[in-house]
Amino acid sequence: MEVLRELGLFGQLIPTEYGGLGLTATKYARVSEATSCDGAIAMTLAAHEALGLKGILLVGTEKQKAKYLPRLAKGEEVAAFCLTEPSSGSDAASVQSSARLSDDKQTFYLNGSKIWITNGGIADVFTVFAKTEIINEQGEKEKRVTAFIVEREFGGVTSGPPQDKLGVRGSNTCEVHFNNTPVPAENVLGEVGHGFKVAMKILSSSRYSTGAAGAGILKKLIGLTAEHAISRTQFGKKLYQFGLIQEKFARMAMITYAMESMSYLTAGLMDMFEEPDMSLEAAVVKIFSSEGCWWCVNECLQIVGAMGYSKDNVFERYWRDTRVMMLFEGTNEILRQYVGLAGLQYAGKQHRSHIKRLRDPWNNVGLILTEKFKKRMGNWKPWLMLRLGDHLHPELAQEADGLEMIILRFKNSVQDVLKKHGDEIINEQLDVKRVADIVVDIYAMTACLGRASRAICIGLRNHDHEMMLCKTFCREARKRIDNNLAMLALDKCENGDDNIRQIAETMIKNKGYAAEHPLTRNW
């Protein structure tokens, strides 16, 4: 911890006027590549900076910033983010912790318990979310979430023993309890009753770095795996000479290239604007990178075989450490619903009247026939109006046209989904997931194409390798997108969604696996 303090790593995102390094999003992502190679260090720093103190940076008053940021930047104090409770996990708005305002309006008294709090046992400053009573727009009393800056020194703050976790075991994770903790009213973070928005803003602002962190892990692990494949001989051949092993290396390289490209594209866009809303892109990066990193670590372990299963080597530790990436800062299931529904909501608003007419075919026969003709012609040979190839190296013209065709087909598919489900789309999670998966692949293709084009245009070393990575990734992404578009075009009974629902309902009814054992007799 002392070395981290000396390097200034506790203040990477804190502006220089408060004693921090003032790193841009791009520089922060670059540092994340290095720190991610030790899961405990990465988790401790992320919980402190990307979560614990991020609310003060984003919505804190000047007085709050001047009071807390200098000490947090130097690592003299450590921060933690207290949101999750026993009864509220992904549903952040359902927290039960409460904060009662005193009669003199000067102090809130905080009560409640938080679980799975990284840095919870070592933190001095906490960002805590609790329900407070407010007067709503109708003049009625209502309880809404409010964010607070809480110091351990306020009193009434206790921490439980460290959790015995599967991975990232070197970081401190525990329960934190608040018992009539007095919090000055001036320590409200943002506005009273607006805590849910603060929480979402904090979480959304940090997810983009998952790609850079995952790439840092994979570069190290792929290097170790390559050394093994080069030195290991089986059946008279080196391990790397077998086709199945070559396939694993190629896919790991493509996934790493894509997650790295997505992360730095997003970071670059964040650096270009004053207060960018990159929540959707950051969620996309987190979904792809967390799942890609887990898959690649698993493949590395598979290549090295039993040696990777031993605690004498780093493979099993990375395998355990990376599993949490699909859980923290919003589970991937929640994020897929967010990405899909956010996009569908925007499309619905943009095309509200058009979709309303499509859902009333008897009174809009001409429109329906026109749409069918346009789609048939478009699917046969879409009109490419974006001319994406004009902005890329000529070597990538085919991939650019393929991306634009996908975007045009996706536009038609979104209209069909909204026409089919209307407002009930919020309950059609499997279709929403397909929409989100298409968005993830489109963004990944976009990032890879831009990066590969830059590499060949400026003559980077191994640019031909990058070109091959990009082309192959785009080809496989298009296959996934084609499949998802085809499934979206089908009804529930045709794409298997009804079967999935019925199987799950039977399992829940039987409280688990419901099929009889294959040796069971009925006589």
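Residues numbered from 1 in each chain as written. Predicted model: local features only at pLDDT ≥ 70, side-chain atom pairs only at ≥ 80, totals over all residues. Heavy atoms only, no water.

S.K.: Mind showing me how you'd approach the overall build of the chain here?
M.R.: From N to C terminus, the chain includes 18 helices and ten strands. The C-alpha extent of the chain, read off along each of the three principal axes, is 75 × 70 × 70 Å. Residues counted as buried form 47% of the 523 residues belonging to the chain. Expressed as a percentage of contacts within the chain between residues at least 6 apart in sequence, the contacts between residues at least 24 apart total 73%. For the chain, the accessible surface area stands at approximately 27400 Å², while carbon and sulfur atoms represent 55% of it. (Helix = DSSP H or I, 4+ residues; strand = E, 2+ residues; numbered from the N terminus. Buried < 20%, exposed > 50% of the residue type's maximum accessible area, 1.4 Å probe, protein only. Contact = heavy atoms within 4.5 Å. Areas by Shrake-Rupley, 256 points an atom, 1.4 Å probe, with all protein chains shown as cover.)

S.K.: I keep staring at the side chain of Thr 44 and nothing clicks. Help me out?
M.R.: Secondary-structure assignment places Thr 44 in helix 3 (residues 39–52). Residues contacting Thr 44, with those up to four places away along its chain left out, are Met 1, Asn 119 and Ser 171.

S.K.: Before we go on, may I ask you to explain helix 18 (residues 497–509) in this structure?
M.R.: Note that an α-helix has 3.6 residues per turn; residues three or four places apart therefore point the same way. Taking 1.5 Å per residue as the helical rise, helix 18 with its 13 residues ought to reach 18 Å, and the 18 Å between its terminal C-alpha atoms agrees with that figure. Note on helix 18: the residue one or two positions beyond its end, Lys 511, has a positive phi of about 55°. (Expected span 1.5 Å × (residues − 1).)

S.K.: Could you clarify how one ought to interpret the packing of helix 7 (residues 209–231) against helix 10 (residues 315–322) in this entry?
M.R.: Axis angle and axis distance: for two packed helices, these are the angle between their axes and the distance between the axes, and together they describe the pair. Axis separation between helix 7 and helix 10 bottoms out at 11 Å; the angle between their running directions is 150°. By the angle class used here, helix 7 and helix 10 are roughly antiparallel. Here helix 7 and helix 10 pass one another in a crossing that is left-handed. Taking contact as the criterion, the partners of Ile 217, Lys 220, Leu 221, Leu 224 and Thr 225 in helix 7 are, on helix 10, Phe 315, Tyr 318 and Thr 322. Classifying every residue of the contact of helix 7 with helix 10 by side-chain character gives five nonpolar, two polar and one charged. (Axes fitted to C-alpha atoms, helices over the stretch in contact; angles between N-to-C directions. Parallel < 35°, antiparallel > 145°, perpendicular 65-115°, else oblique. Left-handed = near helix turned anticlockwise from the far one by under 90°. Nonpolar A, V, L, I, M, F, W, Y, C, P; charged D, E, K, R; others polar.)

S.K.: It is not clear to me how the nonpolar core should be interpreted in this structure. Could you clarify?
M.R.: A general trend in soluble globular proteins is that nonpolar side chains are found buried together. Membership of the largest hydrophobic core comes to 67 residues, with the highest contact counts inside it found for Met 262, Phe 288, Leu 344, Met 445, Cys 470 and Phe 473. Counting residues per element, the ones that place at least two in this core are helix 7, helix 8 (243–272), helix 9 (279–304), helix 10, helix 11 (332–350), helix 14 (397–421), helix 15 (429–457) and helix 16 (463–488). Per-element tally for this core: the top contributor is helix 15, with 14 residues. Membership of the second largest hydrophobic core comes to 36 residues, among which are Ile 14, Ala 50, Val 198 and Met 270. (Core = buried A, V, L, I, M, F, W, Y, C linked by side-chain atoms within 4.5 Å.)

S.K.: Teacher, can you tell me more about the packing of aromatic side chains here?
M.R.: Working definition: an aromatic ring pair is given by the centre-to-centre distance plus the angle between the planes. Enumeration according to the criterion identifies five aromatic pairs in this entry. With a centroid separation of 6.1 Å and 90° between ring planes, the pair formed by Phe 126 and Phe 178 is classed as edge-to-face. You can see Phe 126 sitting in strand 4 (residues 125–135) and its partner Phe 178 sitting in strand 7 (residues 173–184), a full 52 residues away along the chain. Grouping residues by exposure puts Phe 126 and Phe 178 together as buried. Ring centres of Phe 288 and Phe 473 lie 6.0 Å apart, and the angle between their planes is 80°; this geometry places the pair in the edge-to-face category. Residue Phe 288 is found in helix 9, and its partner Phe 473 is found in helix 16; the two are separated by 185 residues along the sequence. (Phe/Tyr/Trp six-rings, centres within 6.5 Å; stacked < 30°, edge-to-face > 60°.)

S.K.: Explain the pairing of strand 3 (residues 107–118) to me, please; I cannot follow it from the model alone.
M.R.: Each regular strand carries side chains that alternate between the two faces of the sheet. Note that strand 2 (residues 98–101) and strand 3 share four bridges and pair antiparallel. In the strand pairing of strand 3, Ala 99 is matched with Leu 110. Between strand 2 and strand 3, which pair antiparallel in sequence order, lie five residues; one of them, Lys 105, sits at a positive phi of approximately 65°. Where strand 3 lies against strand 7, nine bridges are found, and the strand directions are antiparallel. Residue pairing for strand 7: Phe 108 is matched across the bridge by Val 183. (Pairing = 2+ DSSP bridges.)

S.K.: For this particular structure, what's the right way to read the confidence of the model for the chain?
M.R.: As a note on interpretation, predicted positions should not be read in detail where pLDDT is low. Per-residue confidence for the chain gives a mean pLDDT of 89; residues scoring 70 or more make up 93%. Model confidence for the chain, summarised as mean pLDDT per element, is weakest for helix 13 (residues 365–380) at 56 and strongest for helix 16 at 96. (pLDDT = per-residue confidence, 0-100.)

S.K.: I tried to follow the pattern of salt bridges on my own but got confused; where do I start?
M.R.: Two side chains bearing opposite charge may form a pair once their charged atoms approach each other closely. Going through the model one piece at a time under the given rule, you end up with 31 salt bridges. Two residues, Arg 336 and Asp 437, come together in a salt bridge whose shortest N-O distance is 2.7 Å. Of this pair, Arg 336 sits in helix 11 while Asp 437 sits in helix 15, and the two are 101 residues apart along the sequence. Residue Arg 336 shares its accessibility class with Asp 437, and that shared class is buried. Here Arg 480 makes a salt bridge to Asp 441, at a shortest N to O gap of 2.8 Å. With Arg 480 in helix 16 and Asp 441 in helix 15, this pair connects stretches of sequence that are 39 residues apart. What emerges from the salt-bridge pattern is a single network uniting Arg 30, Glu 33, Lys 219, Glu 260, Arg 451 and Glu 466. (Salt bridge = Lys/Arg side-chain N within 4 Å of Asp/Glu carboxyl O.)

S.K.: Looking at this structure, how should I read unusual backbone geometry?
M.R.: Glycine aside, a negative phi is what most residues show, and trans is what most peptide bonds show. Residues other than glycine seldom take positive phi values, yet Trp 116 does so here, at roughly 55°. Of note, Trp 116 is situated in strand 3. For Asn 180, which is not glycine, the phi dihedral falls at a positive 50°. Among the secondary structure elements, Asn 180 is positioned in strand 7. Overall, Asn 180 belongs to the partly exposed group, its relative accessible area being 43%.

S.K.: Is there a simple way to explain the side chain of Ser 36 in this structure?
M.R.: Summarising the element assignment, Ser 36 is placed in the loop between helix 2 (25–35) and helix 3. On the basis of relative accessible area, Ser 36 is assigned to the buried category, the value being 5%. If we skip the residues at most four places from it in the chain, Ser 36 touches Ala 42, Ala 213, Gly 216, Ile 217 and Tyr 318.

S.K.: Where do I start with the pairing of strand 1 (residues 79–82) in this structure?
M.R.: The alternating pattern of strand 1 places Ala 79 and Phe 81 and Ala 80 and Cys 82 on opposite faces, both of which are buried. Where strand 1 and strand 4 come together, four bridges link them in parallel fashion. The partner of Ala 80 across the bridge, within strand 4, is Phe 126.

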